[in-house]
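The lines below spell out each chain.
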Amino acid sequence: MFSKLFLQKDPPLSESLIKIKKELKRKTRPSSLKTKLSHEEERFVHQIKYRTSQLNINNVTRTKAYLDFYLHHPEVHWAFLGHMVSRNGGWNMTDLKGGMLSRLLSRKEKISFFSFLERGNWLIFQDAFPQFMLYEESLNCGKNLFYLLPHLNVSTFMETIWSHFFSEQDPYFLTIALVINEQSYLESRVLQNPLFKKNVFNTLEFKIQDFLSMNHVLFPYYENEKLKLIGQTLHHFENLHERILFGKRLYAILYGEKDRLQMVEKWAIENPHTGSRKDYWPQLFNTIEEGVPEKIWKPKIRSCNLIPGASRIFSPRLEFAWRDTEHESAELGDWYNKWKVIYYLTKSTEKVDGEIENEYCKTLERLEFAAITKKVLSYRE
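Residues numbered from 1 in each chain as written. Predicted model: local features only at pLDDT ≥ 70, side-chain atom pairs only at ≥ 80, totals over all residues. Heavy atoms only, no water.

## Topic: the state of the cysteines
What counts here: For this text, the term disulfide refers to a pair of cysteine sulfurs within 2.5 Å. In this text, helices come from DSSP runs of H or I with a minimum length of four residues, and strands from runs of E with a minimum of two, each type numbered from the N-terminal end. For every residue, the accessible area obtained with a 1.4 Å probe (protein chains only) is divided by the maximum for its type, and the residue is called buried under 20%, exposed over 50%, and partly exposed between those limits.
Following the criterion strictly, the structure yields one disulfide and no others. One disulfide in the model links Cys 304 with Cys 361; its S-S distance is 1.9 Å. Here the S-S torsion is close to -120 degrees, and the disulfide linking Cys 304 with Cys 361 is therefore left-handed. Taken together, the residues span a long stretch of sequence, with Cys 304 in the loop between strand E4 (301-302) and strand E5 (305-306) and Cys 361 in helix H14 (residues 357-373) at a distance of 57 residues. Each member of the pair Cys 304 and Cys 361 is classed as buried.

Next up, the structure:
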């Protein structure tokens, strides 16, 4: 899986990464070798699983849980990155029932795309959040409890990384390690899932996303009372390597400038996640359909502004767009098998400015054109 991480010679490893490398090479953890738990430990593991399931009801509940944890533990940077990316996941879910994209997809396609987005969002939370609770309890009792991670079906890779973080408190290593872990965790469970391959990845609608540039991740914030957007666009979603590098770029954008990070945090705290794009652009989007439903879509947008007299674009709240989903249990198995994955933990020299607003505005105009002409995608409802 990770045989072609770099095109050139492997970069040198820092002293910390050499220590992590030695630990990963030393450690093996077949499921049959899980440590036997005491009654108290079994009860604690059960509590973690129960609490995670209570918060993992839908995109809104899990997105809020990430932010709540981050506000108590801002040293865990991935919690805020996960919160912001999960917001984007919710916006993508409601887009399927919104004013433009819903005109380009059949009912069956909407359900397939939602199932794909929801399953991935659900899987990441049920893997990541138990790690957060275990970290919190380790702090509370003053000792490393990460030997319990195998009993939560978390990769041995993260067992090593969390133990390192508990002693060294290096937020960069932990964040990128979580990016690697969650994307690798999804690979076999979602990206290689035959059902999603057939109903999502192999469809014209999914392949044409690059043309429409629909794979944006946006980080809104206010500066001088004006809303701004930063972020990145992901291409080649099916490629694990590209998704990991994308996560590294998103982290660089979000945490690259302290003042801007604080403005994004302020926006997130002041604007609870609903799933509607009205959360960040109420001048363009609304949670209700304005005016009489139009059989023929008329142009509404020019340079991210409404054309005079045009109604806002419908963007529903998640709770009104989709019912909560009952999920099957996550597939068992540890993705980790090669220590060279740690080369992703080396710091990148790539400069990422996060400029995305102009690109996103063009995307909205392309989507609107597609909705008007219905020539890019077939309209079958």
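Still more ground to cover, so stick around.
## A short note on the pattern of salt bridges
Pairing of side chains with opposite charge becomes possible as their charged atoms draw close. Quick note on the threshold: Each salt bridge in this description consists of a side-chain nitrogen of Lys or Arg and a carboxyl oxygen of Asp or Glu lying within 4 Å of one another.
Under the definition given, this model contains ten salt bridges. Residues Arg 26 and Glu 23 are paired through a salt bridge, measuring 2.7 Å at the closest nitrogen-oxygen approach. In this pair, Arg 26 and Glu 23 are both assigned in helix H1 (residues 15-26), three residues apart and thus about one turn of the helix distant. Judged by its relative accessible area of 25%, Glu 23 falls in the partly exposed class. For Glu 118, the salt bridge goes to Arg 62, with nearest N and O atoms at 3.0 Å. Taken together, the residues Glu 118 in helix H5 (residues 107-141) and Arg 62 in helix H3 (residues 59-72) connect sequence positions 56 residues apart. Classification of Glu 118 as buried rests on a relative accessible area of 3%.

## Structural notes on the packing of H5 against helix H6 (residues 156-168)
Inclusion rule: Note on geometry: axes are lines fitted to C-alpha atoms, helical ones only across the stretch in contact, with angles between N-to-C directions running from 0 to 180 degrees. By definition, turning the near helix anticlockwise from the far helix through less than a right angle yields a left-handed crossing, and turning it clockwise yields a right-handed one. Here a residue-residue contact requires only that any non-hydrogen atoms of the pair lie within 4.5 Å. Asp, Glu, Lys and Arg are counted as charged, while Ala, Val, Leu, Ile, Met, Phe, Trp, Tyr, Cys and Pro are counted as nonpolar; the rest, among them Gly, fall into the polar class.
In the contact formed by H5 and H6, the axes pass within 12 Å of each other and the chain directions differ by 35 degrees. Regarding H5 and H6, the two cross each other, and that crossing is right-handed. Counting all contacts with H5, which are made through Gln 131, Phe 132, Tyr 135, Ser 138 and Leu 139, the residues of H6 involved are Met 158, Trp 162, Phe 165 and Phe 166. Considering only residue class, the contact of H5 with H6 consists of seven nonpolar, two polar and no charged.

## Concerning the packing of H3 against helix H4 (residues 77-95)
This is how it is decided: When describing relative orientation, an angle under 35 degrees is termed roughly parallel and one over 145 degrees roughly antiparallel, while 65 to 115 degrees is termed roughly perpendicular and anything else oblique.
Where H3 meets H4, the closest approach of the two axes is 8 Å, and the angle between their N-to-C directions is 160 degrees. What the angle tells us is that H3 and H4 run roughly antiparallel. H4 is crossed by H3, and the crossing has left-handed handedness. In this structure, H3 uses Asn 59, Arg 62, Thr 63, Tyr 66, Leu 67, Phe 69 and Tyr 70 to contact H4, whose residues at the interface are His 77, Trp 78, Ala 79, Phe 80, Gly 82, His 83, Ser 86, Arg 87, Gly 89, Gly 90 and Met 93. Looking at the contact of H3 with H4, its residues break down into eight nonpolar, eight polar and two charged.

Function-wise, these values are silent; they only describe arrangement.
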